[in-house]
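In case you want the letters, here they are:
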Amino acid sequence: MDYSYLQVIVTILCAVLVGFTKTGLPTLGIFVAAIMATIFPARESVGLLTPMLIAGDIVAILYYRKAVVWKHLFSLLPWVLAGIVAGFFVLDYINNGALSVLIGSLVLVLIAVHLFKGKLESALHISLAKSRTFTGVLGVLAGFTTMIGNAAGSIMSIYLLSKGMNKTTFVGTNAFFFFIVNVIKVPFTVYLGLINARSLTLNAWMIPVVLAGAAIGFKVLPLIPQMYFQAIILALAAFGGVYLILF
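None of the values given here were measured: they were computed from a predicted structure. (Residues numbered from 1 in each chain as written. Predicted model: local features only at pLDDT ≥ 70, side-chain atom pairs only at ≥ 80, totals over all residues. Heavy atoms only, no water.)

Draft legend 1. How the structure looks around the pattern of salt bridges. Applying the stated criterion across every chain yields a total of two salt bridges. The residue Asp57 makes a salt bridge to Lys22 at a minimum N-O spacing of 2.7 Å. Of this pair, Asp57 sits in helix α3 (residues 42-63) while Lys22 sits in helix α1 (residues 5-23), placing them 35 residues apart in sequence. Relative accessible area serves as the criterion here: at 0%, Asp57 is assigned to the buried category. Under the relative-accessibility criterion, Lys22 is labelled buried at 8%. Note that Glu44 is salt-bridged to Arg198, the shortest N-O span being 3.2 Å. One end of the pair, Glu44, is in helix α3; the other, Arg198, is in helix α10 (residues 197-220), with 154 residues separating them in the sequence. Take Glu44: its relative accessible area is 24%, and that puts it in the partly exposed class. Under the relative-accessibility criterion, Arg198 is labelled partly exposed at 33%. (Salt bridge = Lys/Arg side-chain N within 4 Å of Asp/Glu carboxyl O. Helix = DSSP H or I, 4+ residues; strand = E, 2+ residues; numbered from the N terminus. Buried < 20%, exposed > 50% of the residue type's maximum accessible area, 1.4 Å probe, protein only.)

Draft legend 2. Broad picture of the packing of aromatic side chains. Counted under the stated rule, the structure contains 11 aromatic pairs. When the ring of Tyr64 is compared with that of Phe218, the centres are 6.0 Å apart and the planes differ by 55°; the resulting orientation is tilted. Here Tyr64, found in the loop between α3 and α4 (70-90), pairs with Phe218, found in helix α10; they are 154 residues apart in sequence, far enough to count as distant. Of the two residues, Tyr64 and Phe218, both sit in the buried class. Judged by centre distance (5.0 Å) and plane angle (70°), the rings of Trp70 and Phe176 are edge-to-face. Residue Trp70 is located in helix α4, and its partner Phe176 is located in helix α9 (residues 167-191); the two are separated by 106 residues in the primary sequence. Looking at Trp70, the relative accessible area reads 35%, which means it is partly exposed. With a relative accessible area of 12%, Phe176 lands in the buried category. An aromatic cluster of three or more residues is present, and its members are Phe88, Phe89, Phe188 and Tyr191. One residue, Arg198, lies across the ring of Tyr3, its end atom 4.0 Å from the ring centre. (Phe/Tyr/Trp six-rings, centres within 6.5 Å; stacked < 30°, edge-to-face > 60°. Lys NZ or Arg CZ within 6 Å of the ring centre and 35° of its normal.)

Draft legend 3. A look at the packing of helix α8 (residues 153-162) against α9. One can describe the packing of α8 onto α9 by two numbers: an axis separation of 11 Å at closest approach and a directional angle of 130°. As the angle between them shows, α8 and α9 are arranged oblique. The two elements α8 and α9 cross, and the hand of that crossing is right-handed. Taking contact as the criterion, the partners of Gly153, Met156, Ser157, Leu160 and Leu161 in α8 are, on α9, Phe170, Thr173, Asn174, Phe177 and Phe178. (Axes fitted to C-alpha atoms, helices over the stretch in contact; angles between N-to-C directions. Parallel < 35°, antiparallel > 145°, perpendicular 65-115°, else oblique. Left-handed = near helix turned anticlockwise from the far one by under 90°. Contact = heavy atoms within 4.5 Å.)

Draft legend 4. Focus on the nonpolar core. Within the largest apolar cluster, 56 residues are counted, with the highest numbers of intra-cluster contacts made by Leu25, Tyr64, Ile155, Met156, Phe170, Phe177 and Phe229. Secondary structure elements with two or more residues in this core: α3, α4, α5 (96-115), α7 (132-149), α8, α9, α10 and α11 (226-246). The element that contributes the greatest number of residues to this core is α9, accounting for seven residues. Setting aside chain neighbours within four positions, we find Phe170 in contact with Pro26, Ser157, Leu160, Leu161, Met165, Phe229 and Ile233. Val32, Leu48, Leu49 and Val210 belong to the second-largest nonpolar core, a separate cluster that totals 18 residues. (Core = buried A, V, L, I, M, F, W, Y, C linked by side-chain atoms within 4.5 Å.)

This is the structure we're talking about:
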């Protein structure tokens, strides 16, 4: 395991944040992906981060197994799979800088759509929460961005917020969604050589760290008032979008 001390230290920090995002504030995940991509080559960071995300997912789904709204997942997953396949085919040809700007811009547009949802629905005479087109677009974007950079957290947050969930069902449904998606991604990332024996060795050392981060998330989430939860999620998503555009 020939990683530098800096890479190991940053990975430990990210492992704590991975656990925390899975059980506390999901939209922090975009910052974790960004940090990993700055200390490792962008493609390698995807392979390193995916197993840590799955470890955090497992903890979260065990804890929140009764707080999941399956109908919202089943309607989204076929579109997500299409996005994952698209991301797989373009991963070798992506300009990371341009892609970050694109994803960040999309996140900000989706936040604006959510904030002005009432006016848009009134003007277009539709309900975004019930729109198959809206679900399909978000699903493809979530699948594509999670495949090429583990950056789908903000997009998924917009989707779940549009369904009017409370914080517990939000975190529970989010956890099950990303567990399914991250497991689906594994064969693709293995085929591309992004998950290998070297990366898995580092991942194995990070499992207790992910668990520690998850424990912190379990303690923090109940302390966040429901009335502030949506505002915090949207604010973090916006910061993540701006970060992708600027850095």
